Amino acid sequence: MKFFPMSSSRFYLFHFCFLLIASTSLSKSNFQPKTLFLLVKKDPSSLQYITKIHQRTPLVPLKLAIHIGGESLWVDCENGYKSSTYNPARCNSRQCSLARSTSCGNCYGNNTTRPGCNNNACYNVVTSPNSYTDGEIADDVLSIQSINGSIPGPIATVPNFIFSCAVSNLTQNLGKNVKGMVGFGQQSPVSFATQLASNFKFSRQFAICLSSSTKRNGVIFIGHSPYFISLAYDASRDLIYTPIITQPRYFTITYPHYVRINRASPEYYIQVSSVRINGKNLRLNKTLLTLDENEEGGTRISTAVPYTELEASIYDVVSKSFVSEMPKEVKKVPAVQPFKTCFNSTYIGMSRLGYNAPEINLVFQKANVYWTIIGANSLIKVSNDVICLAFVERKKVSGQAIVIGGYQMQDNLVEFDLARSRIGFSNSLFFHQTMCSNHNYA
């Protein structure tokens, strides 16, 4: 084989390129982002908000549902989980303690261990809509993209991100090809945002901006603001803040031993003191608006609920007041499930704020601290000539008096500042002639 001498100019060019590649690799290995992001899109069939993360070695893209009140990340490990870096959490380990495991022991599925089924491993409770089970606690590689101003930045990697393994049945109530859920719950050391904040040493906060389109992505910011929705507009500038209410939660484990557990609730509760429609205070049962020690009453924020749910008596008052404040030429029509209050849309006006509907204010700790819900978030089109009030009556006998659902949060920025124990609402981005899909992170 012949070797040809390299000219000095070519040698220095090669040497420069080598140093550039080496320095880039080094900077990535020491990379400490201040803000990360996930793209999120509404699934048209399940109405869940879906994101994608990359996990395992080699990295695999996973579709996951967003659960604001979930304790942790969990994925289906029963169906095709392969990774050379999967590490089950052993009994009494640091991972078990952080994840607040509820049990520890051996897996009796078969004689072959696999992700989600190992001996001397710890477990915790894993929940999805309308079901729950226990899941093996583990850690593995996870990667997520950072933000550089108003555009995507370098990929950030966590080599040992703690999560839970679940069985495939738990994904039955999720959207098509969705393999688990991303939990952002408060007071959980292993929630998605808390782990990332701990790994990269930034403030424990995140903000969601849900798109009203099923074809265009919204965004979840994790870490420090500013949160740019468009090149020039920082959506975190004009937030209305209200305190997060922390609450204990009691639940029972019956297998393998009966245990009653007292644990801080990961759900996000706030105090709504009153509701106004077109500036008029509604006469509501104030007792229902207060959260009690059993997590009854009060107000919860949830991305798992597609439309805001109201306790029956509250729904009745809100619905009647909303109807009375609608323009007289807009007539009621028969209900269209799941909605009870519907209208003929022929004579209702439209503007850049959506339908010309009565303005709804959720009043927080003071009369001058409130979140405004405009027509784009209070009314929904269900057919060519029918629109409905996009609030539903709570079906369960017990629960929260108000559960703020995804539809009402669409095209609003909602910031969850865990470090300061507060939640900030932006009001509709339509006021600023933009929307949650007008970002540059795709």
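Predicted model, so just to flag it, every value in this text is computed and none were measured.

Asker: Describe in detail the pairing of strand 27 (residues 379–383), supporting the description with residues and values.
Answerer: Bridge count between strand 27 and strand 28 (residues 386–389): four bridges; the pairing is antiparallel. Note that in strand 28 the partner of Leu379 across the bridge is Leu389. From the end of strand 27 to the start of strand 28, which pair antiparallel, there are two residues.

Asker: Tell me about a positive patch on the surface, and name the residues and values.
Answerer: Together, Lys41, Lys52, Lys63 and Lys176 make up a positively charged patch on the protein surface. Positionally, Lys52 belongs in strand 2 (residues 49–55).

Asker: Outline unusual backbone geometry, listing residues and values.
Answerer: Of note, the amide linkage connecting Thr57 to Pro58 takes the cis form, showing an omega dihedral of -5 degrees. Of note, Pro58 is situated in the loop between strand 2 and strand 3 (60–67). The linkage connecting Ser225 with the following residue, Pro226, adopts the cis geometry, with an omega of 15 degrees. Looking at the secondary structure, you find Pro226 in the loop between strand 12 (218–223) and strand 13 (240–243).

Asker: Mind laying out the sheet that holds strand 17 (residues 274–277), listing which residues take part and the relevant values?
Answerer: Pairing is antiparallel in the open sheet, where four strands are placed in the order 18-17-25-26. The sheet terminates laterally at strand 18 (280–281) and strand 26 (370–373), the two strands that pair on one side only. By the bridge criterion, four bridges tie strand 25 (residues 360–363) to strand 26 in an arrangement that is antiparallel. In the sheet register, Asn361 faces strand 26, and the bridge partner there is Thr372. On top of the sheet, helix 4 (residues 312–325) reaches strand 17, strand 18 and strand 25; it is set at about 20 degrees to strand 17, its chief contact.

Asker: Before we move on, can you summarise the nonpolar core with the specific residues and values?
Answerer: Phe184, Phe192, Leu196, Phe206 and Ile222 are the most contacted members of the largest nonpolar core, which has 75 residues in total. Excluding residues that lie within four positions of it along the chain, Ile222 makes contacts with Lys34, Thr35, Leu36, Leu38, Ile144, Phe184, Phe192, Ala193, Leu196, Phe202, Gln205 and Phe206. Counting residues in hydrophobic clusters, the runner-up holds 16 residues, among them Ala207, Cys209, Phe221 and Leu429.

Asker: Explain the sheet that holds strand 27 to me, using residue names and the numbers behind them.
Answerer: Ordered by their spatial adjacency, four strands build an open sheet running 21-22-28-27, and the pairing between neighbours is antiparallel. Pairing within the sheet leaves two strands with one partner each, and these edge strands are strand 21 (332–333) and strand 27. The pairing of strand 21 with strand 22 (residues 342–344) spans two bridges and is classified as antiparallel. Considered in strand 22, the bridge of Val333 is made with Cys342. In the packing of helix 4 onto the sheet, the strands contacted are strand 21, strand 22, strand 27 and strand 28, and the crossing angle to strand 28 comes to about 135 degrees.

Asker: Help me get a handle on the state of the cysteines, residues and values and all.
Answerer: Under the counting rule described, the total for this entry stands at six disulfides. Two residues, Cys96 and Cys122, share a disulfide whose sulfurs are 1.9 Å apart. Because the torsion about its S-S bond is -90 degrees, the bridge between Cys96 and Cys122 counts as left-handed. Of this pair, Cys96 sits in helix 2 (residues 94–98) while Cys122 sits in strand 7 (residues 121–128), and the two are 26 residues apart along the sequence.

Asker: Give a detailed account of the environment of Pro58, specifying residues and quantitative values.
Answerer: Residue Pro58 is classed as exposed on the basis of its relative accessible area of 63%. Between the C-alpha atom of Pro58 and that of Lys82, which follows or precedes it by 24 residues, the distance is 8.5 Å.

Asker: Go over the packing of aromatic side chains with me, naming the residues and quoting the values.
Answerer: We describe a pair of aromatic rings using the distance from one ring centre to the other and the angle between the two ring planes. Summed over the entire model, instances satisfying the criterion amount to 18 aromatic pairs. Each ring, one from Tyr307 and one from Phe339, has its centre 4.9 Å from the other, and the planes form 75 degrees; the classification is edge-to-face. One end of the pair, Tyr307, is in the loop between strand 19 (299–301) and strand 20 (308–310); the other, Phe339, is in the loop between strand 21 and strand 22, with 32 residues separating them in the sequence. As far as burial versus exposure is concerned, Tyr307 and Phe339 are alike and both buried. These aromatic residues form a ring-pair network of at least three members: Phe161, Phe184, Phe192, Phe206, Tyr268 and Phe416. The ring of Tyr81 carries the charged tip of Arg56 above its face, separated from the ring centre by 3.8 Å. The cationic tip of Arg422 hangs over the ring face of Tyr241; the distance from NZ or CZ to the ring centre is 3.6 Å.

What counts and how
- Residues numbered from 1 in each chain as written.
- Predicted model: local features only at pLDDT ≥ 70, side-chain atom pairs only at ≥ 80, totals over all residues.
- Heavy atoms only, no water.
- Pairing = 2+ DSSP bridges.
- Helix = DSSP H or I, 4+ residues; strand = E, 2+ residues; numbered from the N terminus.
- Patch = residues over 30% accessible without salt bridge, like charges linked within 9 Å, V, L, I, M, F, W, Y side chains within 5 Å.
- Areas by Shrake-Rupley, 256 points an atom, 1.4 Å probe, with all protein chains shown as cover.
- Salt bridge = Lys/Arg side-chain N within 4 Å of Asp/Glu carboxyl O.
- Lys, Arg positive; Asp, Glu negative; His and termini not counted.
- Charge placed at Lys NZ, Arg CZ, Asp CG, Glu CD.
- Contact = heavy atoms within 4.5 Å.
- Axes fitted to C-alpha atoms, helices over the stretch in contact; angles between N-to-C directions.
- Core = buried A, V, L, I, M, F, W, Y, C linked by side-chain atoms within 4.5 Å.
- Buried < 20%, exposed > 50% of the residue type's maximum accessible area, 1.4 Å probe, protein only.
- Disulfide = S-S within 2.5 Å.
- Phe/Tyr/Trp six-rings, centres within 6.5 Å; stacked < 30°, edge-to-face > 60°.
- Lys NZ or Arg CZ within 6 Å of the ring centre and 35° of its normal.

Taken by themselves, the reported measurements are silent on function.
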